[in-house]
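Take a look at the letters that make up each chain.
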Amino acid sequence: MVRDRLNLAWLQLLSFAIATLAASLLLPSRWLVDALVLLLAAVKGRVIVLDFLGLRHAPALWRGLLTTWLTGLVVLAGLAVAIRALV
Amino acid sequence: MSATVGEEELERWGVLDGLPGDPMMWVLIFSELVAFGLLLGAFVVARAVHPAVFTAGQAMLDSRLAAANTIVLVTSGWAAARGAAAARNPAPIVARRWIAVAMLLGVAFIAIKLTEYGGEIAAGAGLETSAFFTLYFLLTGFHLMHVLLGIMVLAIVGRSATANGVETGTAFWHMVDLVWIVMFPILYLVR
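About the criteria used
Residues numbered from 1 in each chain as written. Chains lettered and ligands numbered in written order. Predicted model: local features only at pLDDT ≥ 70, side-chain atom pairs only at ≥ 80, totals over all residues. Helix = DSSP H or I, 4+ residues; strand = E, 2+ residues; numbered from the N terminus. Buried ≥ 20, exposed ≤ 12 C-beta atoms within 10 Å, placed from the backbone. Contact = placed C-beta atoms within 7 Å. Core = buried A, V, L, I, M, F, W, Y, C linked by C-beta atoms within 7 Å. pLDDT = per-residue confidence, 0-100.

Colleague: Help me understand the overall build of chain A in this model?
Modeller: Looking only at helices and strands, chain A features three helices and zero strands. Each helix and strand of chain A, placed in order from N terminus to C terminus, yields the pattern α-α-α. Per-residue burial over chain A gives 37% buried out of 87 residues. In chain A, the proportion of contacts linking residues at least 24 apart, taken out of those at least 6 apart, comes to 55%.

Colleague: When you look at the nonpolar core in this model, what are you seeing that I'm missing?
Modeller: Within soluble globular proteins, side chains that are nonpolar tend to cluster in buried spots. Counting residues in hydrophobic clusters, the biggest one holds 83 residues, and the most contacted among them are A77 of chain A together with A80, A102, L154, V182 and I186 of chain B. Elements that contribute at least two residues to this core include exactly α1 (2-26), α2 (30-52) and α3 (60-86) of chain A together with α2 (23-49), α4 (63-88), α5 (92-122), α6 (131-160) and α7 (163-189) of chain B. The element best represented in this core is α7 of chain B, accounting for 17 residues. Those residues in contact with L154 of chain B that sit more than four places away from it in its chain are A80, I99, A102, M103, G169 and W173 of chain B.

Colleague: Help me out: how do you make sense of the confidence of the model for chain B in this one?
Modeller: Caution applies to low-pLDDT regions: their predicted coordinates should not be interpreted in detail. Residue and element names in this part refer to chain B. Per-residue confidence for chain B averages 93 on the pLDDT scale, and 94% of its residues sit at or above 70. Element-level mean pLDDT values for chain B span from 51 in helix α1 (residues 2-11) up to 98 in α5. Of the two predicted TM-score estimates for the complex, the pTM is 0.93 and the ipTM is 0.95.

This is how it looks when you write it as structure tokens:
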């Protein structure tokens, strides 16, 4: 059961990593690339937190803290891109 | 009396007791995440202030090698997680094998990163080339030191392959993995 979940998490991470590179190389819109690679980073990070770090069954406080760190950085990077494009 | 002392020993970490591995490792992990978070935040803000310098610097990076390193590191994280699962079973011999795979992939990550550094330095990039490269080498160098430290931690916990030891060591390794997952798009891909 645990092994299956870990294998699934690994396959998800590999797929998202390949999708990240493909998006950066193939998509024509810079905005779309930035948004997509940041979203994929957040999703990959969440998989690592829940399945590899094993916090799926840990107290919600710790999952929340790590998710806040992850989304905080992704949102900051996204905001910086958006502000630069608007100014 | 001794039973009371034993109970106190067990309860002394409070809320940290719900985390896998040694609670002291989590104190280190949260400290490291704060440090990396501040550095990455500084990078994002500096790029917003000097967009042209950062775009020129980013164009000199090899995002394909970095993407290959992402695949190497997540696979290493998977091997480490399988090692921790085996150690909990307990199957120490299987756990050691998975930990060895994780360590080898960690060495591969370092080799790829050094190859990438070689190309960048040959192209004229250095610590003082621009604000981009100062922050780039600082961030990736700091991360690379953690990969090296993580390999040493895995080597230590892999020797005994106890459940708690392997959970503690692999938690550090997954933190290194998590940081790279966020660092890769911010440094290499987002313009």
